[in-house]
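# Close look at the chain arrangement
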Number of protein chains: 2
Amino acid sequence: MTEQQNTGGDLPDVSGLSIGILGGTGDQGKGLARRFALAGHRVTLGSRKAERAQAAADDLTAGADAGLTITGADNADAAGRSDVVVVAVPWDGHRALLESLRDELTGKIVVDCVNPLGFEKGKGAFALPVEEGSAAQQAAAVLTGSRVVAAFHHVSAKLLLDPEVEGMELDVLVLGDDREATDLVQALAGRIPGMRGVYGGRLHNAHQVEALTANLISINRRYKAHAGLRVTDV
Amino acid sequence: MTEQQNTGGDLPDVSGLSIGILGGTGDQGKGLARRFALAGHRVTLGSRKAERAQAAADDLTAGADAGLTITGADNADAAGRSDVVVVAVPWDGHRALLESLRDELTGKIVVDCVNPLGFEKGKGAFALPVEEGSAAQQAAAVLTGSRVVAAFHHVSAKLLLDPEVEGMELDVLVLGDDREATDLVQALAGRIPGMRGVYGGRLHNAHQVEALTANLISINRRYKAHAGLRVTDV
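Residues numbered from 1 in each chain as written. Chains lettered and ligands numbered in written order. Predicted model: local features only at pLDDT ≥ 70, side-chain atom pairs only at ≥ 80, totals over all residues. Heavy atoms only, no water.

As recorded in an unreviewed UniProt entry, chain A goes by NADPH-dependent F420 reductase and comes from Actinomadura meridiana.

Structure, rendered in structure tokens:
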């Protein structure tokens, strides 16, 4: 297979799915929203306050991107009205937010892309210990009625938001215990030009994928880059 | 930079360095020995018993590879006579072996490529907890007089040993706290065709690089591949 193709055999058609993004006013959330909207998806940015989310949505649909279907709502509303819900909140508020949205997220595919990282001067970024093993496993422990998938950890928010960047040259590692759900999220990753969703293992192996973001930050610093990963031979 | 070039600015000339491989009778050790010898290095395979190491060396220098300079020795001898020493032992005996070789390894660059992994039926591979954080940090804690670098975690032993495989299409993440040492190991990785050494952060971020091998095993299973990683934009 070439690098541009999707993988995983017959991935489902996800072109009609609507996407909600919790923590949609952060750079990662806004960046993913922009790319999914560019791919034709209806996207709802969620935030604690609907007005803040709407302001971020207005920001994203200004100028050249006026045609994009991005709206703002509070997190509960964004979760309730979307087929797939991406969790892009800061690690700090991760568990509390998910606990508050259990009902809205029941039965849905929840895509966790949160990286529990700390920063210290002289040490740089490092992985924080997580009781459940990883942010994704914490999400799965809280959202027992949802189908939790981990993905989009290594995607540079800066590149997602950069109008000069047409394609994102990287593979998105997609982890989960539910094949149908990981296939769907792989297909979603493939909707963004240059990106490819590659199955990356089960949720019990999510920690190292989240933590590897610390290494990518070191790489970015050393090489003045926006590093991503490609998986070879796949 | 293209994918085939080395990175990190001016990497040192390492063509004259001799390489010792502890655990040199395992597939990973033999595979690395073969590739380094093909690149012109003098390689000493180390094992508990010199005869076993010599048998492995004879095996590697049979037939088409008769010209390679690979010899066998006990681990202490392999460590003592080599400029750079690669640790490729099973995780089980990692700490004990390094403790026994403190003197021989003093002042040397020690390249740890050990992945502390467990396997369970139905669960597959997963990362084992390590008191010091990672195998590489354990090595650094034991070998206080050595310069410990972590690298070569994701390299398929099968491809290293396959005479049909000329180049290894992957980047080797090189981690360490000593810039001169990581530069040197990056340069060593670049001696193997197709491989590139990319700085991957400090030792406190080695755990997730070691653990990611579990994900690569899942990827290999799903895609029937020998997956490796490339770092994009570097």
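The discussion continues.
### With respect to empty space enclosed by the protein
Any empty space left between atoms is shown by rolling a water-sized probe over those atoms. Residues and elements named next belong to chain B. This is how it is decided: Only protein atoms enter the calculation, which uses a 1 Å grid: trapped sets of points that fit a 1.4 Å probe without letting it out are cavities, open sets showing protein on both sides within 12 Å along at least five of seven lines are pockets, and any residue with an atom within 4 Å of a point is a lining residue. Grid points are joined across faces, edges and corners, and a volume is the space filled by probe spheres set on the points. In this text, helices come from DSSP runs of H or I with a minimum length of four residues, and strands from runs of E with a minimum of two, each type numbered from the N-terminal end. Each residue is assigned to one of three groups, with Ala, Val, Leu, Ile, Met, Phe, Trp, Tyr, Cys and Pro labelled nonpolar, Asp, Glu, Lys and Arg labelled charged, and all others, Gly among them, labelled polar.
All chains considered together, the criterion is met by four cavities of 30 Å³ or more. Taken together, F152, H153, H154, V155, D171, V172, L173 and V209 make up the full set of residues lining the largest cavity. It is strand β9 (residues 170–176) that provides the largest number of residues to the lining of the largest cavity, a total of three residues. Residues of the lining of the largest cavity, tallied by class, amount to five nonpolar, two polar and one charged.

### Comments concerning the pairing of strand β11 (residues 228–232) of chain B
This is how the line gets drawn: Whether a residue is buried, partly exposed or exposed follows from its accessible area with a 1.4 Å probe, protein chains only, as a fraction of its type maximum: under 20%, in between, or over 50%, in that order. Here a strand pair is declared whenever DSSP counts at least two bridges between the two strands.
A large share of β11(B) lies buried, amounting to five of its five residues. The side-chain alternation of β11(B) yields two buried faces, one formed by B:G228, B:R230 and B:T232 and the other by B:L229 and B:V231. When strand β11 (residues 228–232) of chain A meets β11(B), the two strands line up antiparallel, connected through five bridges. The residue bridging A:L229 from the neighbouring strand is B:V231, located in β11(B).

### Some thoughts on the sheet that holds strand β2 (residues 43–47) of chain A
Residues and elements named next belong to chain A. Our working definition: Angles shown run from 0 to 180 degrees and are taken between the N-to-C directions of axes, each axis being a line fitted to C-alpha atoms and, for helices, limited to the stretch in contact. For this analysis, residues touch if any pair of their heavy atoms sits within 4.5 Å.
Within the open sheet, the eight strands sit side by side as β3-β2-β1-β4-β5-β8-β9-β10. Their pairing is mixed. Looking at the sheet topology across the chains shown, the edges are occupied by β3 (70–74) and β10 (195–201). Put simply, the sheet's adjacent strands are angled 30° from each other on average, direction ignored. In this structure, strand β1 (residues 19–22) lies alongside strand β4 (residues 84–87), joined through four bridges in parallel fashion. Each residue of the ladder has a partner; that of G20, found in β4, is V85. Packed onto the sheet, helix α2 (residues 50–60) meets β2 and β3 and runs at close to 170° relative to β3. Sheet strands in contact with helix α6 (residues 135–142) are β5 (109–112) and β8 (147–150), and its direction is about 175° off that of β8.

### Notes on the pairing of strand β6 (residues 117–120) of chain A
All names here are of chain A. Pairing of β6 with strand β7 (residues 124–127) involves four bridges; the strand directions are antiparallel. Bridging from a neighbouring strand, G118 pairs with F126 of β7. Taken together, β6 and the strand that follows it, β7, pair antiparallel across an intervening segment of three residues, in which G122 is found at a positive phi of about 85°.

### A short note on the interface of chain B and chain A
What counts is decided by this rule: Summed over both partners, buried area is the accessible surface (1.4 Å probe) that two parts give up on being assembled. Polar contacts, as used here, are pairs of N or O atoms within 3.5 Å; protein pairs need one atom able to donate a hydrogen and one able to accept it. Residues neighboring in sequence count only if both atoms are side-chain atoms.
Tallying the contact residues gives 43 residues for chain B and 43 residues for chain A. Between chain B and chain A lies a buried interface of about 3,300 Å² when both sides are counted; carbon and sulfur atoms form 54% of it. Run the count over chain B and chain A and you get 25 residue pairs in polar contact (both at pLDDT 80 or more). Secondary-structure elements contributing two or more residues to the side of chain B that touches chain A are β7 (124–127), β9, α8 (179–189), β10 (195–201), α9 (207–223) and β11 of chain B. Taken together, the residues of the side of chain B that touches chain A sort by class into 19 nonpolar, 16 polar and eight charged.

### Considerations on the UniProt feature "domain: Pyrroline-5-carboxylate reductase catalytic N-terminal" (unreviewed entry) in chain A
Applicable threshold: UniProt positions are given in the numbering used here, feature names are shortened, and annotations may be inferred rather than shown by experiment.
When the UniProt feature table is mapped to this numbering, "domain: Pyrroline-5-carboxylate reductase catalytic N-terminal" (unreviewed entry) covers residues 19–116 of chain A. Between the first and last C-alpha atoms of residues 19–116 of chain A the distance is 23 Å; the span itself is 41% helix and 22% strand.

### Some points on the pattern of salt bridges
Rule in force here: Salt bridge, as applied in this entry: a Lys or Arg side-chain nitrogen positioned within 4 Å of an Asp or Glu carboxyl oxygen.
In this structure the tally under the stated criterion is 24 salt bridges over all chains. Of the charged contacts, one joins A:D65 and A:R34 as a salt bridge, the two residues approaching to 3.2 Å between their closest N and O atoms. In this pair, A:D65 is assigned in the loop between α2 and β3 and A:R34 in helix α1 (residues 27–38), connecting sequence segments 31 residues apart. What makes A:D65 buried here is its relative accessible area of 17%. Of the charged contacts in the structure, one is a salt bridge between B:R230 and B:D171, with a shortest N-O distance of 2.7 Å. One end of the pair, B:R230, is in strand β11; the other, B:D171, is in strand β9, with 59 residues separating them in the sequence. Take B:D171: its relative accessible area is 3%, and that puts it in the buried class. Connected through shared salt-bridge partners, A:E169, A:D171, A:R196 and A:R230 make up one network.

### Describing the confidence of the model for chain A
What counts here: Each residue carries a pLDDT value, the predictor's own confidence for that position, ranging from 0 to 100.
Overall, the predicted model of chain A reaches an average pLDDT of 94, with 96% of residues at or above 70. Prediction confidence for the complex, expressed as pTM and ipTM, is 0.95 and 0.94 respectively.

### With respect to the packing of α1(A) against α2(A)
Residue and element names in this part refer to chain A. The line we're drawing: Roughly parallel means an angle under 35 degrees; roughly antiparallel, over 145; roughly perpendicular, 65 to 115; everything else is oblique. By definition, any crossing whose near helix is turned counterclockwise from its far helix by less than a right angle is left-handed, and any crossing with a clockwise turn is right-handed.
Contact geometry for α1 and α2: axes closest at 11 Å, N-to-C directions at 50°. Classified by the angle their axes make, α1 and α2 are oblique. In the packing of α1 onto α2, the handedness of the crossing is right-handed. Residue-level inspection shows K30, A33 and R34 of α1 in contact with α2, the latter providing A56, D59 and L60. Per-class residue counts for the contact of α1 with α2 are three nonpolar, no polar and three charged.

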